[in-house]
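Per-entry structural report
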Amino acid sequence: MAPAAMRTAAHSLADAKPVSFWLDDPGRPEALPALTGDEHCDLLVIGGGYSGLWTALLAKEREPERDVVLIEGHETGWAASGRNGGFCAASLTHGLPNGLERWPDEIGKLEELGARNLDAIEAAVTRYSIDCEFERTGEIDVATQPHQLEELREWHQETERRGFGGTEFLDRDELREQVDSPTFLGGLWDRRGVAMLHPAKLVWGLKQACLDLGVRIYEHTRGLELARTGTGMAVRTPYGKVLARRVALGTNIFPSLVKRVRPYTVPVYDYALMTEPLTEDQLAAIGWKNRQGLGDSANQFHYFRLSADNRILWGGYDAIYPYGGRLSAELDQRPETFLKLAGQFFACFPQLAGVRFSHAWGGAIDTCSRFSAFFGTAHQGRVAYAAGFTGLGVGATRFGADVMLDLLAGTRTERTTLEMVRTKPMPFPPEPLAWAGIELTKRSLARADDNGGHRNLWLRTMDRVGLGFDS
């Protein structure tokens, strides 16, 4: 970055608050008390993010008389569910290309289930009066390099040939009529497959819906240990324990209480900025009349969208894996990444020179080697888990909740028969191999972005064995 550009980027960050914009909201509910003593229930849900909240809500919708308890180690939505970009996608497979490559024989069913899942989320938002700023405006995949434009054009033709419609190819002028950046060469607009929302308000709305249906929620209550007891399970907490017939684990990035699951995920820290609200003139300078979400097509990609009050969220690019999979609040702030993101923002939107950022934050995502969730059971079917959503969990966690409830019920459904549900991704190797492999992959992806998309021998080998790294 040139010195002048670096000074501009640094100045724009001077007043940024080191906290998620979404969580820095006056409507944030007070935390509920921690569990003290013993609890008994039919179903215990561990984790108060999207995965756990959807599981508790759907469990009560399926069986209103079921006794459900949810415990959360901090506050509901405190982790990834309150820090993401608010892109709620229909895709269950981290995009159609990834799903088609991994599950070609069932991709039609996966796409259908994903579309139904997004419709169900929209219906739940309406049914429970969840004011989460839900806008089904779609998403545009943007090309900023010639090879990306050609890849998008070829992919659009391929999906049309295979009967996967719903996307519209935009050339440079058509795209810049939607959102104007001198870096944009074209794009692919999925009009119905993605909604924009306020992620923390979705969490808080789901929490209230659960409470209204009779779910007992305890915050600041970590699940410390999972053990068999009689015909059920016992979960030890700091000040008590929960005895439950069945347990659903929605802990995602945090170490699973089923230890054999841990090698399948690694934490990746993702970072985002939020601007101050744009003025009418600033908004007019970039267009963006239809409020779609956007993401560029590089391996090291950016995602960006408008908030309800016309701020721009700008995130992505750096995906930081801490050696040993260390989770730490210190890693939520990374000034060198914020400076890089700010410089890239002004390169994309030079007409917004002078805009300042109000918030800068980061958080950990649970990624797995196939980029999309995996599922399973433990303790003879008494415990179910879902993990590995790799950044697309805003929508897919509801599907994962349904899968966990199906598995706990022991019933055969259209979900449990999927190969995606029945199989696991490749686990990550132990350290130092995990760190070395991830760093080599990241550097190779960066070189591919700078070299017309050409994937080197390392990336081609990873492709062949079904291993990957993404955020």
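Here the residue index of a chain counts from 1 through its sequence in written order. With the structure being a predicted model, the display of local features is reserved for residues of pLDDT at least 70 and the display and counting of side-chain atom pairs for 80 or more, all residues being used for whole-chain, interface and lining totals. Heavy atoms from the whole structure form the basis of all side-chain values; hydrogens and water molecules are not counted.

**Remarks on the packing of aromatic side chains**
Here is the rule we go by: Pairing of aromatic rings covers Phe, Tyr and the six-membered ring of Trp, with a centre-to-centre limit of 6.5 Å; geometry is then stacked below 30 degrees between planes, edge-to-face above 60, and tilted otherwise. Going along the chain from the N terminus, every DSSP run of H or I of four or more residues is numbered as a helix, and every run of E of two or more is numbered as a strand. In this scheme, a residue with accessible area under 20% of its type's maximum is buried, one over 50% is exposed, and one in between is partly exposed, where area comes from a 1.4 Å probe on protein chains only. By definition, being over a ring means that NZ of Lys or CZ of Arg is both within 6 Å of the ring centre and within 35 degrees of the ring normal.
Counted under the stated rule, the structure contains 20 aromatic pairs. Consider the rings of F184 and F349, whose centres lie 6.4 Å apart with planes at 75°: the pair is edge-to-face. With F184 in the loop between helix 6 (172-178) and strand 6 (186-190) and F349 in the loop between helix 9 (335-348) and strand 16 (357-367), this pair connects stretches of sequence that are 165 residues apart. For the pair F184 and F349, a shared accessibility class is recorded, and that class is buried. Taken together, a centroid distance of 4.7 Å and an interplanar angle of 45° make the contact between F304 and W314 tilted. Separated by 10 residues along the polypeptide, F304 in strand 14 (residues 302-306) and W314 in strand 15 (residues 312-316) bring together distant segments of the chain. Just as F304 is buried, W314 falls in that class too. Following the ring pairs from residue to residue traces out a cluster consisting of F184, W288, F304, W314, F345, F346, F349 and F357. In this arrangement the basic side chain of R83 is found over the ring face of W78, its NZ or CZ atom lying 5.2 Å from the centre.

**Focus on helix 4 (residues 107-127)**
Counting along an α-helix, one turn takes 3.6 residues, and residues three or four places apart therefore face a common direction. Where we set the bar: Expected span of a helix, by definition, is 1.5 Å for each gap between consecutive residues, and there is one gap fewer than residues. Throughout, the arc means that of the directions going from the helix axis to the C-beta atoms.
Across its 21 residues, helix 4 extends 30 Å between first and last C-alpha, which sits within 8% of the 30 Å expected from 1.5 Å per residue. What helix 4 keeps buried is the set I107, L110, L113, G114, N117, L118, A120, I121, A124 and V125. Considered in projection along helix 4, the buried side chains sweep an arc of 160° and stay on one side of the axis.

**So, the nonpolar core**
Short version of the rule: What makes a nonpolar core is a set of buried Ala, Val, Leu, Ile, Met, Phe, Trp, Tyr and Cys residues whose side-chain atoms join them at distances within 4.5 Å.
Within the largest apolar cluster, 68 residues are counted, with the highest numbers of intra-cluster contacts made by L43, W54, F134, L202, L206 and F375. At 8 residues, the largest contribution of residues to this core is made by helix 10 (residues 393-409). Among the nonpolar cores identified, the runner-up in size contains 35 residues, and L170, V179, V355 and A360 belong to it.

**A word on the sheet that holds strand 5 (residues 167-170)**
What counts, and what does not: A pair of strands is labelled paired if DSSP reports no fewer than 2 bridges between them. To get an axis, fit a line to the C-alpha atoms, keeping to the stretch in contact for a helix; angles then go from 0 to 180 degrees between the N-to-C directions.
Spatially, the 8 strands line up as an open sheet ordered 5-6-4-13-14-15-12-16, and their pairing is mixed. Single-partner strands in this sheet number two, and they are strand 5 and strand 16. Between one strand and the next, the sheet's axes are offset by a mean angle of 20°, whatever the strand orientation. One ladder, built from 5 bridges, connects strand 14 with strand 15; its direction is antiparallel. Bridge pairing in strand 15 links L306 to I312.

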